[in-house]
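Each chain, letter by letter, is given below.
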Amino acid sequence: MAGRNDNSWGHPGIYAGALLLIGVMLGPVVYIIIGGFRTNAQITVDPAGLPHPWEFGNYTNVLSSSGFWRQAGNSTIVAVVTTFGVVLLGVMASYVLARYRFRGSGAMYALFAAGLMFPVTVAITPVYILVKSLGIVNTLPGVILPQIAFALPTTIIILVPFLRAIPREIEEAAAIDRCSRLGFFWRIVIPLSVPGLVTTGILAFINSWNSYLLPLFILSEQDTFTLPLGVQAFASEYSVDTAKVLAFTSLSMIPALVFFSLFERRIVGGLTGAVKG
Amino acid sequence: MAGSLVIADHVRDGGGVQPPPPARPRRRGIGWAQRLEILLLAGPAILMFLGFVVAPILIAAYIGLYRWKGFGLPTNFVGFDNYVTILQDSAFWAALRHNGIIVVLSLIFQGPIAVALALLLNQKIRGRSVIRVLIFVPYVIAEVIVGTAWALLLQTNGAVNGVLRSIGLDGLTQDWLANPKLAIWTLIMILTWKYIGFAVILFLAGMQNIPEELAEAAAVDGASYWQTQWRITLPLLGPTIRIWGFLSIIGALQLFDLVYIIWGQYVSSTAGTSTMVTYMVNEGRNAGNYGYGNAVAVVLFVVSMTIALLYQRFVLRRDTEGALTGGR
C-alpha cells in the first residue's frame, strides 16, 4: 500500500535517474569540447579518455585560421539580417491581422498558418532554382531572403495573440491625442511587444545559425560558407585530424548555446504559453 | 528547429483554417487610408511569403514535368515520366520505408521515454530547473554539429566502442554506422537523444496545466502515486501527446541533415538509413537532374500533406471537439 506517500521511489532514486539523464544528454557535447583539448595520438590510443596533457593547439589553431572567422562572420550576418527581417515583416503583418478588420484577413491568416507545416526542406529544390534565376546564388542574400520567408509563419502565429492583447484603451487614448494608427504602431505597439519580438527573434536567430540544407544548396563557394557548411567541409578536409575537427565543432556551437542559455526562460516560457493556447 | 514549438498552438486550434477573431469591431468601414495602411504593413510579408514559399511549390509542380539539367529553360517536356520513374525506383521505396520506420519508432521510443522523464522532472526536486535546461541542450545544437560528433563517437574505433571495451563488454562493440541491420537503430537512438528534450518540455508544460486539486483529491481517496499518474495525469496529457505526435511525424518525414552528415552522400542507402529528402538531394541536385528532383519534391509534399491531413482528421479532431465542447 503506497497510501498517501506521493513518492514511492524515494529521493535518492530520483536524483540518480536525473544524474544519469544529464550524463547521457550532455555526454556527447562534453566529448566534443574535451576532445578538442587532446591530441590525435591520445584519441587513437584511448578514444574516450581525458586529455593528458591538455593540448591547446587545436583551439588556438582554429581561432587563428581565417576560414573559421570568415564563416563565423557569414553566419552572423545571415542570422542577424534574417532575424531583423523576420521580426520587422512579421510584426507589421501581425499588427494588421491583430488590429484591422478587413475582408481577406481570414485567408491571410490561413495562408501563414498553413506555411507552418512545410519547412524549407520540402521546397528546397525549387527554392534553389528561384534563387538561381534571381542571380543571387553564392551570395548571402540568397540564403537570407528564403529564410525570412520560411520563418514568417512561426513569427506571425506567435505575435498575433501578443498584439491583440494590447488593451484597446491605450489605442483610444492615443487616438484622442491625435496619434495616427501608424504612429500608434511605431510609438506604442512596437515598444509594448518587445518581449514577443525577442522570443520570435531568438527562435529565428538559432534556426538561422543552425540551418544547413538551404546554405548547402545556395552557397557552393568556400568564401560564402556559413559555419554549418564550414564544419562539414572541415570535417571532410581534416578527416584524419579528429582533434582539430572537435575543436572546430565545439567553437561553432558556442553562439547558439550562449543565446539559448541567456534566453532559455523566454524560449521554454513561450513554448509553455503555446501549449496552453 | 525551435521554431516548430509554436505549431502546437496552431495545430491544437484545429489546423488554423479559421481566422482569429478580430480584436474588436471597427466602428467605421474601412476607407482608402486604412487600405493603404494594410497594404503597407502586410504587403512586404505577403510578397515574401508568396515569392519564396508558395511560388517554389508551384515551380516544382511545373518543372517536375520536364527532364531538365538546370541550365536555360526547361524545354524537354516528359509529362509524368519523372513520376513514373520515381514510383518504379526501388531506392525511392526503400527511402519511403525508412521514413515510415523512423516515424513509427520515433513515436514508440520518444513518447514513453519522454512521458517518464516528464513525470520524473515534474517532482519537486532540487535543481529541477537546471535539469530542464540541460536536457534541452541537444535540441538547440545544430544537426551538423550533433551529426559530426556522433559520427566520430560511433566509428568502429570511436569512443562508444572504446568505453565498451574498457568496461569489459567487448562483445557489445559494433560497427554502429555501417552494419545495415543496426544502422537504422543507431539513427533512432541519435534522434531520440536529439529530440527527446523537446518532447519532455512540451509534456512538462502540459502537466503544469493539470490542476493540482485533482491529484490531491485522488490522494485523499487513497490513490497511489502511480494510480494518480495513470488515471489522471496521462489522460489529461492526451492532447499534448497527440500534438507532439503530429510534430514528430512531420519532422520524421522530412529528416535530412543528420542522415546526410553522418552517413554521407553514398552510404545512407547501403546502410539502410536513406530518407525521401536524402533521395531527393542525391537524385536531384547532386545528380544534376533538376526536373527529377522537383518531381520528388512534389511527391514529398503530397506525402507530408496527406499524412498531416489524415492525422488532423482522425487523431486531432477529438481535441478540437473537446476544445469546443469543453468551453476552452
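Residues numbered from 1 in each chain as written. Chains lettered and ligands numbered in written order. Predicted model: local features only at pLDDT ≥ 70, side-chain atom pairs only at ≥ 80, totals over all residues.

Caption draft 1: The arrangement of the overall build of chain B in detail. Of regular secondary structure, chain B possesses 13 helices and zero strands. Walking chain B from its N terminus toward its C terminus, one meets helices and strands in the order α-α-α-α-α-α-α-α-α-α-α-α-α. Evaluated residue by residue, chain B yields a buried proportion of 43% over its 328 residues. At a minimum sequence separation of 6, the contacts of chain B that also span at least 24 residues come to 69%. (Helix = DSSP H or I, 4+ residues; strand = E, 2+ residues; numbered from the N terminus. Buried ≥ 20, exposed ≤ 12 C-beta atoms within 10 Å, placed from the backbone. Contact = placed C-beta atoms within 7 Å.)

Caption draft 2: Spotlight on the domain arrangement of chain A. Residues and elements named next belong to chain A. For chain A, the assigned domains read domain 1 (11-45) and domain 2 (57-276). For domain 1 versus domain 2, the separation of C-alpha centres amounts to 31 Å. Of all the elements in the fold, those that place two or more residues in the side of domain 1 that touches domain 2 are helix H1 (11-35) and helix H2 (40-45). At three residues, H1 tops the list of elements feeding residues into the side of domain 1 that touches domain 2. Residues of the side of domain 1 that touches domain 2, tallied by class, amount to three nonpolar, four polar and one charged. (Domains from an automatic or database assignment. Nonpolar A, V, L, I, M, F, W, Y, C, P; charged D, E, K, R; others polar.)

Caption draft 3: Inspection of the UniProt feature "domain: ABC transmembrane type-1" (unreviewed entry) in chain A at higher detail. Here, UniProt's "domain: ABC transmembrane type-1" (unreviewed entry) annotation points to residues 72-263 of chain A. Spanning residues 72-263 of chain A, this segment combines 78% helix with 0% strand, and its end C-alpha atoms are found 21 Å apart. (UniProt positions renumbered as here; feature names shortened; annotations may be inferred.)

Caption draft 4: Representation of the UniProt feature "transmembrane region" (unreviewed entry) in chain A within the structure. Residues and elements named next belong to chain A. Per the UniProt record, "transmembrane region" (unreviewed entry) is found at residues 12-34, 77-97, 109-131, 143-163, 184-206 and 245-263. Segment residues 12-34 splits into 100% helix and 0% strand. End C-alpha atoms: 29 Å apart. Along residues 77-97 one finds 100% helix and 0% strand; the C-alpha atoms at either end are 30 Å apart.

Caption draft 5: Looking closely at the interface of chain A and chain B. Counting residues at the interface gives 97 residues for chain A, matched by 94 residues for chain B. Tallied by class, the residues present in the side of chain A that touches chain B amount to 67 nonpolar, 20 polar and 10 charged.

Caption draft 6: Summary view of unusual backbone geometry. Residues and elements named next belong to chain A. One non-glycine residue, Asn138, lies in positive phi territory at about 65°. Note on placement: Asn138 falls in the loop between helix H6 (124-133) and helix H7 (140-164). Judged by the 15 C-beta atoms lying within 10 Å of it, Asn138 falls in the partly exposed class.

Caption draft 7: Local environment of helix H7 (residues 159-166) of chain B. Among the residues of H7 of chain B, Ala159, Val160 and Asn161 of chain B are the ones counted as buried. Downstream of H7 of chain B by a residue or two, Gly168 of chain B has a phi angle that is positive, lying close to 80°.

Caption draft 8: The arrangement of the packing of H7 of chain A against helix H2 (residues 32-63) of chain B in detail. H2 of chain B packs onto H7 of chain A with a crossing angle of 110° between their chain directions and a minimal axis gap of 9 Å. In this view, H7 of chain A runs roughly perpendicular relative to H2 of chain B, as classed from their interaxial angle. Within the contact between the two elements, H7 of chain A uses Leu145, Pro146, Ile148, Ala149, Phe150 and Leu152 of chain A and H2 of chain B uses Ala45, Met48, Phe49, Gly51, Phe52 and Val53 of chain B. Classifying every residue of the contact of H7 of chain A with H2 of chain B gives 11 nonpolar, one polar and no charged. (Axes fitted to C-alpha atoms, helices over the stretch in contact; angles between N-to-C directions. Parallel < 35°, antiparallel > 145°, perpendicular 65-115°, else oblique.)

Caption draft 9: A look at the UniProt feature "transmembrane region" (unreviewed entry) in chain B. All names here are of chain B. Per the UniProt annotation, the sites labelled "transmembrane region" (unreviewed entry) are residues 36-63, 100-121, 133-153, 182-205, 241-263 and 290-311. Secondary structure across residues 36-63 divides into 100% helix and 0% strand, with the first and last C-alpha atoms of the span separated by 36 Å. The distance separating the terminal C-alpha atoms of residues 133-153 is 24 Å; by composition the span is 90% helix and 0% strand.

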